[in-house]
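Take a look at the letters that make up each chain.
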Amino acid sequence: MKQTGILLTMMLGLTMTISAQQQTIHLWPGKVPGETAAKHAAVVTPDGSNNIKRLTDVTDPVLEVFPAPAGNSNGIGVIINPGGGYGILAIDLEGDEIAAWLNKLGYTAFVLQYRVPKKQAGALQDAQRAIRLVRSRAAEWGLQPDKIGMMGFSAGGSLTARAATRYNVNTYTAIDKADSLSARPAFGILVYPAYLDQGTNRTLTPELTVNEQTPPMFLFATADDFYGNSALVMAGALRDAKVPVELHFYAKGGHGYGLRSGNPAADAWPALLEQWLKTAVK
């Protein structure tokens, strides 16, 4: 009988852990602003190349919650924006796998399924709403409301930069108390970001307004990445505005590697970011 009780306790603990990691938060309880299509679950594309799960046709944006393990939480939350050219979301490569890694370091992670395809305005609404929702419910995960940051890859890096520089722009009509909170992320992490150099002669994208109030940022990119100039331009703008910024620019690595081993860039950025987070986010 005693062994049965122990077994049930273990099974219950495992179930609670799985349930917590599978918690889904729908960003918009009613109508999604600017969305004309009916709400439905994101669609998995038939393209599974490079062992990547790709989502598209997102009409009901959600946050998937990955709480830090009990007893190992540092009280900091990170919202993750997967990349995919604003057309798809590389949901495992640049979402779930990143969340699992952050959990090991004590961070509570939130993977954002923002609107795609080609809904950049809607994606920014989703990012702002996500920050406010997580901030409003911070106590639920033992987080400090002023330590909710955002991280993105490729187009997700673009979205993170937009959220970090356009947080004072009201992109949608407030729907509840959460929307009275700031949409400014406490920090930004841009890993092989794209679309940040769409100004004249590949200068900073005009939409991005960098000033002394822009949150501190970590940037990582490589010289052989077609989008590599984005990180250089963004880092320069942050430096000019005297915003704390750390840029790592490696020779090789290309684009779209996430955390997967076998790529020199993928092997390098996690340790660099881990160290930056320890010093930049206190």
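Reading the values: the criteria
- Residues numbered from 1 in each chain as written.
- Predicted model: local features only at pLDDT ≥ 70, side-chain atom pairs only at ≥ 80, totals over all residues.
- Heavy atoms only, no water.
- Helix = DSSP H or I, 4+ residues; strand = E, 2+ residues; numbered from the N terminus.
- Rg over C-alpha atoms; globule rule 2.2 N^0.38 Å.
- Buried < 20%, exposed > 50% of the residue type's maximum accessible area, 1.4 Å probe, protein only.
- Contact = heavy atoms within 4.5 Å.
- Areas by Shrake-Rupley, 256 points an atom, 1.4 Å probe, with all protein chains shown as cover.
- Lys, Arg positive; Asp, Glu negative; His and termini not counted.
- Charge placed at Lys NZ, Arg CZ, Asp CG, Glu CD.
- Expected span 1.5 Å × (residues − 1).
- Polar contact = N/O pair within 3.5 Å; in protein donor to acceptor, adjacent residues only side chain to side chain.
- Pairing = 2+ DSSP bridges.
- Right-handed = clockwise from strand over helix to strand, strands pointing away.
- Axes fitted to C-alpha atoms, helices over the stretch in contact; angles between N-to-C directions.
- Left-handed = near helix turned anticlockwise from the far one by under 90°.
- Nonpolar A, V, L, I, M, F, W, Y, C, P; charged D, E, K, R; others polar.
- Salt bridge = Lys/Arg side-chain N within 4 Å of Asp/Glu carboxyl O.
- Core = buried A, V, L, I, M, F, W, Y, C linked by side-chain atoms within 4.5 Å.

**Q** I tried to follow the overall build of the protein chain on my own but got confused; where do I start?
**A** In terms of regular secondary structure, the protein chain is built from six helices and eleven strands. Relative to the globule expectation of 19 Å for 282 residues, the C-alpha radius of gyration of the protein chain, 19 Å, shows essentially globular dimensions. Counting only C-alpha atoms and orienting by the principal axes, one finds that the protein chain spans roughly 75 × 45 × 40 Å. Sorting the 282 residues of the protein chain into buried and exposed places 54% on the buried side. Taking all contacts inside the protein chain whose residues are at least 6 apart in sequence as the whole, residues at least 24 apart take part in 78%. Here the protein chain has roughly 12600 Å² of accessible surface; of this, 56% comes from carbon and sulfur atoms. Looking at the protein chain, you have 25 positive and 23 negative side-chain charges, and the mean spots of the two groups are 4 Å apart.

**Q** Explain helix α5 (residues 229–240) here, please?
**A** For an α-helix, 3.6 residues make a turn, and residues three or four places apart therefore share a direction. An ideal rise of 1.5 Å per residue puts 16 Å on twelve residues; α5 measures up with 17 Å between its terminal C-alpha atoms. By the burial criterion, the buried members of α5 are Asn229, Ser230, Ala231, Val233, Met234, Ala235, Ala237 and Leu238. Buried residues along α5 sit in contact with α4 (155–165), β9 (188–191), β10 (217–222) and β11 (245–250).

**Q** How do you make sense of the side chain of Arg129 when you look at a structure like this?
**A** You can see Arg129 is positioned in helix α3 (residues 120–136). On the accessibility criterion, Arg129 (2% relative accessible area) is buried. Within polar-contact distance, the side chain of Arg129 engages the side chain of Asp176 at 2.8 Å. In this view, Arg129 contacts Leu27, Trp28, Pro29, Tyr172, Ile175, Asp176, Ala178 and Asp179; residues no more than four positions away in its chain are not counted.

**Q** Looking at this structure, I do not really get helix α2 (residues 92–104). What am I missing?
**A** The end-to-end C-alpha separation of α2 is 17 Å, in line with the 18 Å expected for 13 residues at 1.5 Å each. The first or second residue beyond α2 is Gly106, which carries a positive phi of 100°.

**Q** I tried to follow the sheet that holds strand β2 (residues 43–44) on my own but got confused; where do I start?
**A** Picture the strands of a sheet paired through backbone hydrogen bonds; they go either parallel or antiparallel. Across the sheet, three strands lie side by side as β2-β3-β6; this open sheet has antiparallel pairing. Strands at the two margins of the open sheet, each flanked by one partner only, are β2 and β6 (89–90). Where β2 lies against strand β3 (residues 54–56), two bridges are found, and the strand directions are antiparallel. Within the sheet, the bridge partner assigned to Val43 lies in β3 and is Thr56.

**Q** Explain the pairing of strand β8 (residues 148–153) to me, please; I cannot follow it from the model alone.
**A** One face of the sheet, then the other: side chains in a regular strand alternate in exactly this way. Taking burial as the measure, the six residues of β8 include six buried ones, the bulk of the element. Of the two faces of β8, both are covered, the one formed by Ile148, Met150 and Gly152 as well as the one formed by Gly149, Met151 and Phe153. Read as a crossover between parallel neighbours, the route from β8 over α4 to β9 is right-handed.

**Q** What is the right way to look at the packing of α3 against α4 in this model?
**A** Packed helix pairs are specified by the crossing angle of their axes together with the interaxial distance, meaning the distance between the axes. Orientation of α3 relative to α4, taken along the N-to-C sense of each, is 65°, at an axis distance of 10 Å. As α3 packs across α4, the resulting crossing turns out to be right-handed. Listed contacts from α4 to Gln120, Ala121, Ala123, Leu124, Ala127 and Ile131 of α3 are Leu159, Arg162 and Ala163. Looking at side-chain class alone, the contact of α3 with α4 contains seven nonpolar, one polar and one charged residues.

**Q** Whenever I open this one, the pattern of salt bridges confuses me. Can you help?
**A** Once the charged atoms of two side chains with opposite charge are near each other, the side chains can pair. Scanning all chains against the criterion turns up 13 salt bridges. The residue Arg166 makes a salt bridge to Glu207 at a minimum N-O spacing of 3.4 Å. A residue pair is termed long-range when its members are at least 10 positions apart, and Arg166 in the loop between α4 and β9 and Glu207 in the loop between β9 and β10 qualify at 41 residues. The class of Glu207 is partly exposed, set by a relative accessible area of 27%. Three or more residues joined by partner-sharing salt bridges are found here, namely Asp92, Glu97 and Arg260.

**Q** What am I meant to see in the nonpolar core here?
**A** The nonpolar side chains of a soluble globular protein tend to be buried with one another. Among the nonpolar cores identified, the biggest contains 62 residues, and Ile79, Met151 and Trp269 are the most heavily contacted of them. Excluding residues that lie within four positions of it along the chain, Trp269 makes contacts with Ile98, Trp101, Met151, Phe153, Val191, Phe218, Phe220, Tyr257, Gly258 and Leu259.

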